[in-house]
Structure formats: C-alpha cells, structure tokens
Amino acid sequence: MNILLIEDEPELATYVTRYLELNGHRVEHAARGDSGYRLALQHSYDLLIVDRMLPGMDGISLVSRLRGEKRNLPVLFLSNLGGLDERVEGLNAGGDDYLPKPFAPTELLARVNALLRRPQGTHEPTVLRVGDLELNLIKRAAVRGQKEIPLLPRELSLLEYMMRRPEQVITRTMFLEGVWEYNFDPRTNIVETHISRLRSKIGADLIQTVRGSGYMIRAPKPAL
Amino acid sequence: MRPSQLFRSASFRIAAAYVGLFTVSVSILAGLIYLNSTSALQSEIHMRIGAESAALKEEFGQGGIARLLQAVADRQRGRLVGGLDYTVLNAQGTHIFGDLPSTKCTPGWQVFTGPPDGDEPLGQMERLSVRVTPLGGGYCLLVADDIGKVDTFGTLILNSFGLVFLFTLLLAVAGGLFLSSRVLRRIEAINRTAEAIIEGDMSQRIARRHAPDDLDRLAATLNRMLDRMTGLMETLRHVSNDIAHDLRTPLGRLRQMLEEANRTASSPDEFRQVVTGAIEEVDNILTTFGAILRIAQIESGSRRSGFCKVSISSVVADVCETFAPLIEDSGKTLRADIEPELWIQGDRELLVQSAVNLLENAVAHTPAGTEITVRLRRSGDTVTFEVEDNGGGVPDGTTDQIFKRFYRVEQSRTASGNGLGLSIVAAVADLHAARVSATNVYPGLKIDMVFAQPA
C-alpha cells in the first residue's frame, strides 16, 4: 500500500519509513506541510500519516484543506501534544485516527493496517462471522456452532469490535479507545482481563495473542 | 520625593483643580455682590435726588423763587459731608445759588466731574450725578450727589474678596501639597515593596495602617494577591522538585541497568532482556510525564468550557462493570450500590478517569480478600460518589496527603503506580467544584467526591 508520511523530525521519519517498508508498505516522505500537501494532491495514496506540528503548513489545516478538495483517503495523525483536547481537534479536522508520540512501532503498524483495511463501502452488515462464530448485531446474540453463548453487554461490544476487524492486530490502546472510549491509559490490565473472559466463553482458539502487539480474531486453521 | 513628582501626583492635581473651581466660583460671587450693591447704591442716590428735586419744585410752585432759595439755603446750611449739593440758575445760566457748574437746562440726569473734595480714591476726580429740573420763569434747579462713594464701596467689596481669595488660595495649595505628599508617601511605600518583590524578596508585604481607607484596602488586596502568588509559586516549586526527584529515580535506575548490561552482558539474549527492561522503565517515565501534563491541563480549567450534562450513574456503573472481572481475578470483591439517573454538569472523560483511578487505587493497595464498595447516591442537592475498602487504610494523619502529587504511602512505595492517580482525581474534583476527601474507616479507606447537583 502507498503511504505518504508528512513528518519533520528526520530520525522519526526514517524510523517509521523503515519499519513500515519492512512490513510491506511503500512509504514516501515529506518534511514540510506545504510540500506534503502538494504531494498528496498530485499522487494517489492509500493512507496519509501527518504530524500535527509541521513547518510550512500545520497538520490540522493540511488535512482540512485536503478534505475540502474532496480527498477521502484515510488520515492518521501523529502528535507530540498528546493532551486532552488535541485528539478531538485532530478527529474533527478530518483525521481518522490519532496517535500520540512517543508510540510503539507495533502500535503504529496495527493502526495503519486497521485504517487501510477499513471497509470503504457504507454497507452495514447485520451478522458478523468468523469461522463458526456468528454475531447477530440486531439480536445482540453470539452463536458458535449451534450453541448460543451468553455474553455481557461489554463482552458483546468487545467481540463486535474484534469481529469487525478479523485477522487484524488490535492493540490494547485501540481496544481502550474503541470499546471503552478511554483516551487515557489505565494502569491495570482491564483489556487482558476482559479478553481472557471472552476467550473462555467463545473458545480459546478464535482469539490469538500477538506478542508485544495485541490480539487478533481469526478462524482457526483446520487441523490437518 | 522630588517636587516634580509632587506636582505630577494625582492628588495634587485634584487639589489644584478644586482650587481652580473655587477661584472661579468666588470670582462670580464677588462680581455679583459688587454689581448688585453698587447698582442698589446708585439707584438709592437717584431716588434721593429725584425726591429732593420734586420737593424743591413743589416749593417753587408754591412760593416762587424766593421760597425756593429759602428752602435750598436751609438745606445747604444743615448739610453734612456726603449730603446733596444744590444749585439754582436763572434764565441766563447765571448762578443764583450754589456752585455746581452751569449747564443747559434740559431735564434729566447728567454726570459732572469736579475737583476732588477728599472722599474719593486718591488721584481721582470728584464725580457727581446731577438731576437737572427746569422750573418756571427760566429758572433751573440742579440737585447733585457724589457718586464717588459708590465706587469706593465697590472697591471695598472687591478688596475684601481679594483678601479672602488670596488666603483661600494659599490654604488650598498648602493643603493640596500636604495631602498629596501624604498619599504619595504611601504609594511610594507600595512601590518600594513591589520593587523589593521584583528584586526577589517574595516575603515583602505592604505595611498596613490602623485606620482602614481606600489605600489601605488596596494594600490589603495586593497583600492577599501576593500571598496567593507565593502559594502558587510554592506549589510549582514543590512540583518541579517532585518531578526532578521522581524522574531522577527511574532515570538513574535505567542508567544503572544499561551500564550493568554494557559491562557484564555477553549474549544477545542477555542484552535483549536488559533492553526489554529498559523499554519498560522508559514507558513508566513517559506515563508519569503524561500524567503530570494531564494534571496541569486539568488544573488550567480549560476543559470547563466543554462541560455538559453527564449521567454520573452510567459513568460509575460502566467503570464498575469494567473492573468487576479484574477485581474478582485479584481475589477481591466489588459491591456496587448505584442510584440510577443521577446527572451532574461535567466532563465525561475526566469523570470516567477519576472513577477508574479510584477503583485502581482501591485494587492496587489492598490485600487479597478485600471487599471494595462503590456507592453513588443523592442527598439533598449533592451527589456523593464513594469508594470504600476494608483493606489496611493509610497511616493516620496522611489522609489529606494522598491527593498530593507523587505521594505514596511508605509501605506501598514498592507497589506499582506513580503516585499521581489520586492527584488526577483531586484535580478533576477541583475542576468540577466537587469536594474530595479521604477517611480511614478502620479497617480500610473511604474516598468520597461530593458534587453539587444542577437544579
């Protein structure tokens, strides 16, 4: 996938470029806001990674102007500010996700992949399926095989969040933001606890732990 | 104090303006009195002359020229200084009686100037107001009075006012100088205190007086402001000291760890192990930094503009639901007693974080088997959110300190946490104008936040 990285810190840019390329993406880099904006208009990219504070043009106005030009590619904001309101500002300006610096490279990769694989269509499924697990979004009921699995509301939304992103790495902070709407980092491992509860209910084979990154829901490979 | 400063001072200018105003009003008063009295005097003189002329004309009418001459001679004989002058002329304009200069006999008023007779101001001619009355047979009657005395009287009035005016001016200028120098001295004292504070002596305060007045109230307000600023600076210094201390410790540990690895580690695996530990340490430092920044942001109060109606019941219920499995897994129990449908004005995200921090605090610092009770209830027009445990509590006398930044109860220093969780709770409570307090409940600790409920 083609990614445009607009970031003025050379070391971070090199680091991110190398890491994303290592994971199969093509990355172009612009060190200034204005040059990045021109690049984004001239070429078609699959994803934009934009720093908030840039020389030439700041990230927020860059993205607002791109949106004004009807460019609908997904945008991931990077920010040093990491404060309370910056996240909301970034998302309001047309960003799709927001990652405060410093971040773990695995976190960045997981979010990049999530944004790239986000369904473009507006078609809203009523039933999600992973392997033989079925989640009916209208009845709010999970069925595996023929057996209905009783789940608590929080477990249901956790499962829904994962089943909407099958075979994607989902990090702890993505869970916290997506399921709990916590934009801060609790010191206790609530994600781990809830995932292990869910696992014990729907079966341990569906949810995999990705070491050092997060979790992934995937149909188990058929036993040979 | 320099004289130029004195003249430039506000109080001196006010005094000067008042003196100016006073001068103008005294001048107007003097003018009015002068004009009124002189014109009254003048008309009185005219009336007297007019009455005399009429009376003498009557005498002439009754007894002819002889009776007239008899009458004026009688009057002239009894004349005192300041009395009227009489003169009778015949048809040829020759004097039959008196010594006023002869004139054309047209009826009406005339003014004569003559040699001084002693009652006029020095160097001025005698001025006479003359009534000319033609009589039958070509005779002409002149009755006159000295109008110099009107002028003398006017001058007297003006002179008295001039004296009064001079005296007042002196008094006003002296008073103005005196008052403004007093005020200036006090302002100068405030100034000196401010200069000393600028120089770095924050303990300086403006001296107060016993009698409270405007300046004294100003001094009191300034002193209170200085107290507040000193308090804030003190807090800031504490915080930076704490930050320095609390970040030095993990940074020192990190350095030691890396140095040790540099010296002794021999295999990539050993290095990797150390690097993993180092990353963890760095993450902790970053979390602490984040928390400090967050507290500063909450304390700045900017989030208050985004306040809206928040269901505190659902916030607390959600957090309890999230933490229930975790608490259960750590061998403790959670009891939630939440009154539904309670609403407050606030920031949902920050309220969630406070609830999370309070529960995490209860989980982290209590032994297994502890029962944690969460209560949310309304009493009157307040909503109380309470987290209580029956763990060990905190040492007596430290219940207020646990909300301070980086404070950790000694025995739990080793437990995880950066000592900022409850500081965030306190900052959020402060932002919501809520009262937060901790009490030892033997055994255990109870922390409650009391919110005012909107009407």
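Residues numbered from 1 in each chain as written. Chains lettered and ligands numbered in written order. Predicted model: local features only at pLDDT ≥ 70, side-chain atom pairs only at ≥ 80, totals over all residues.

Draft legend 1. Looking closely at the overall build of chain B. The number of helices and strands found in chain B is 8 helices and 12 strands. Partitioning the intrachain contacts of chain B with sequence separation of at least 6 by distance along the chain shows that 65% fall at a separation of at least 24. (Helix = DSSP H or I, 4+ residues; strand = E, 2+ residues; numbered from the N terminus. Contact = placed C-beta atoms within 7 Å.)

Draft legend 2. The arrangement of the sheet that holds strand β10 (residues 170–171) of chain A in detail. Residues and elements named next belong to chain A. If you walk across this open sheet you meet the 3 strands as β10-β12-β11, and the pairing is antiparallel. Among the strands making up the open sheet, the edge pair consists of β10 and β11 (207–210). Sheet analysis places β11 next to strand β12 (residues 214–217), joined by 4 bridges and oriented antiparallel. Pairing of I207 across the sheet is with I217, part of β12. (Pairing = 2+ DSSP bridges.)

Draft legend 3. Molecular detail of the interface of chain A and chain B. Across the boundary between the two partners, chain A contributes 17 residues, which contact 21 residues of chain B. Top contributing element to the side of chain A that touches chain B by residue count: helix α8 (residues 190–202) of chain A, with 4 residues. Residue composition of the side of chain A that touches chain B, by class: 7 nonpolar, 6 polar and 4 charged. (Nonpolar A, V, L, I, M, F, W, Y, C, P; charged D, E, K, R; others polar.)

Draft legend 4. The arrangement of the sheet that holds strand β7 (residues 333–338) of chain B in detail. All names here are of chain B. Judged by pairing direction, the sheet is mixed, and its 5 strands sit side by side in the order β7-β9-β10-β12-β11 without closing on themselves. Bordering the open sheet on either side are β7 and β11 (435–440), each of which pairs with just one other strand. Put simply, the sheet's adjacent strands are angled 15 degrees from each other on average, direction ignored. When strand β10 (residues 382–389) meets strand β12 (residues 445–452), the two strands line up antiparallel, connected through 7 bridges. By the bridge assignment, T384 is partnered in β12 with V450. Across the sheet, helix α7 (residues 348–364) lies against β9 (371–379), β10 and β12, angled at about 20 degrees from β10, the strand it touches most. (Axes fitted to C-alpha atoms, helices over the stretch in contact; angles between N-to-C directions.)

Draft legend 5. Layout of helix α4 (residues 214–264) of chain B. Under the 1.5 Å per step criterion, the end-to-end length of α4(B) is 74 Å for 51 residues, consistent within 8% with the ideal 75 Å. Taken across its 51 residues, α4(B) has 1 buried, putting it largely on the surface. (Expected span 1.5 Å × (residues − 1). Buried ≥ 20, exposed ≤ 12 C-beta atoms within 10 Å, placed from the backbone.)

Draft legend 6. Broad picture of unusual backbone geometry. A cis geometry characterises the amide bond from A:K101 onward to A:P102, with omega recorded as -5 degrees. The residue A:P102 is located in the loop between β5 (97–100) and α5 (105–116) in this model. Cis geometry is adopted by the peptide bond preceding B:P443, which originates at B:Y442 and carries an omega value of 0 degrees. For B:P443, the location among the structural elements is in the loop between β11 and β12. One non-glycine residue, A:K70, lies in the positive phi region at around 65 degrees. With respect to the helices and strands, A:K70 occurs in the loop between α3 (59–68) and β4 (75–79). Of the residues examined, A:K70 has 6 C-beta atoms within 10 Å and is grouped as exposed. One non-glycine residue, B:Y442, lies in positive phi territory at about 45 degrees.

Draft legend 7. Focus on the packing of helix α2 (residues 33–42) of chain A against α3(A). All names here are of chain A. At their nearest, the axes of α2 and α3 sit 10 Å apart, and the two run at 20 degrees to each other. Taken together, the axes of α2 and α3 lie roughly parallel to each other. Between α2 and α3 lies a crossing whose hand is right-handed. Counted together, G33, G36, Y37 and A40 of α2 and G59, L62, R65 and L66 of α3 form the full contact between these two elements. (Parallel < 35°, antiparallel > 145°, perpendicular 65-115°, else oblique. Left-handed = near helix turned anticlockwise from the far one by under 90°.)

Draft legend 8. Structural detail: the environment of B:D389. All names here are of chain B. Mapped onto the fold, D389 is located in strand β10. What makes D389 buried here is the crowd of 26 C-beta atoms within 10 Å. Sequence spacing of D389 and L334 is 55 residues, and the spatial spacing of their C-alpha atoms is 9.2 Å. When sequence neighbours within four positions are dropped, the list of residues in contact with D389 reads A362, T366, T370, E371, I372, G444 and L445.

Draft legend 9. Looking closely at the environment of A:A219. Residue and element names in this part refer to chain A. Here A219 is to be found in the segment after β12. Linking A219 and L133, residues 86 residues apart in sequence, is a C-alpha distance of 8.6 Å. The contact partners of A219, leaving out residues within four places of it in the chain, are V130 and G131.

Draft legend 10. The arrangement of helix α8 (residues 421–431) of chain B in detail. Residues and elements named next belong to chain B. By the criterion of burial, α8 is predominantly enclosed, with 10 of the 11 residues buried. G421, L422, S423, I424, V425, A426, A427, V428, A429 and L431 are the residues of α8 that are buried. Check the buried side of α8 and you find it contacts α5 (268–300), α7, β11 and β12.

Draft legend 11. The arrangement of the confidence of the model for chain B in detail. Averaged over every residue, the pLDDT of chain B is 84; residues scoring 70 or more account for 93%. Interface confidence for the predicted complex, given as ipTM, is 0.84, next to a pTM of 0.65. (pLDDT = per-residue confidence, 0-100.)

Draft legend 12. Spatial organisation of the packing of helix α2 (residues 10–77) of chain B against helix α3 (residues 148–198) of chain B. Residues and elements named next belong to chain B. At a minimum axis distance of 9 Å, the contact between α2 and α3 shows a crossing angle of 170 degrees. Considering their axes alone, α2 and α3 lie roughly antiparallel with respect to each other. Across the contact of α2 with α3, the residue classes tally to 23 nonpolar, 10 polar and no charged.

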